[in-house]
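One-letter residues, chain by chain:
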Amino acid sequence: MLLTAFGGFMSLIFLGMLVLAVVALVMAGLARDDAYRAANKQSKMFWLIILGVTVAVNLLVPMVFLQIAGLIATIVFFVDVRPALRQVSGGGGGRRGGSSSDGPYGPYNGGR
């Protein structure tokens, strides 16, 4: 009983790692190639290969060590590369441009 529950829990963990790697692969593929150079990160092809191998390992090779190495690469992409790409590409969260002092109805000038 306990072993079955643990196996189910580990299956959910591995499924989550696979989904995370697929999402990272899609995001890496959608970013422009020149954004990687502008952000001073590895090339787009490098990240597509690394994340593609991660997805393949998660699907085909049940070796936990390789899956954890792929998870680390995926986390590095999400924590380091993706924010740099968004900053270079002009994707600043939910904002649609303008300055940092803009309010919902226009710029805030401090009562001047």
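Predicted, not measured: the structure shown is a model, and the values here were computed from it.

Details of the nonpolar core
- Core analysis: the biggest nonpolar cluster contains 12 residues, these being A24, A28, A31, A35, Y36, A39, W47, L51, F77, V81, A84 and L85.
- A total of 4 residues in this core trace back to one element, the largest contributor, which is helix 4 (residues 64–89).
- In this structure W47 touches Y36, Q42, A73, V76, F77 and V81, once residues within four positions along its chain are discounted.

Points about the UniProt feature "transmembrane region" (unreviewed entry) in the chain
- UniProt's entry tags residues 6–26 and 46–79 with the feature "transmembrane region" (unreviewed entry), counted in the numbering of this structure.
- Annotated as 100% helix and 0% strand, the span residues 6–26 places its first and last C-alpha atoms 30 Å apart.
- For the annotated span residues 46–79, helix accounts for 91% and strand for 0% of the residues, and the straight-line distance between the end C-alpha atoms is 17 Å.

What counts and what doesn't
Residues numbered from 1 in each chain as written. Predicted model: local features only at pLDDT ≥ 70, side-chain atom pairs only at ≥ 80, totals over all residues. Heavy atoms only, no water. Core = buried A, V, L, I, M, F, W, Y, C linked by side-chain atoms within 4.5 Å. Buried < 20%, exposed > 50% of the residue type's maximum accessible area, 1.4 Å probe, protein only. Helix = DSSP H or I, 4+ residues; strand = E, 2+ residues; numbered from the N terminus. Contact = heavy atoms within 4.5 Å. UniProt positions renumbered as here; feature names shortened; annotations may be inferred.

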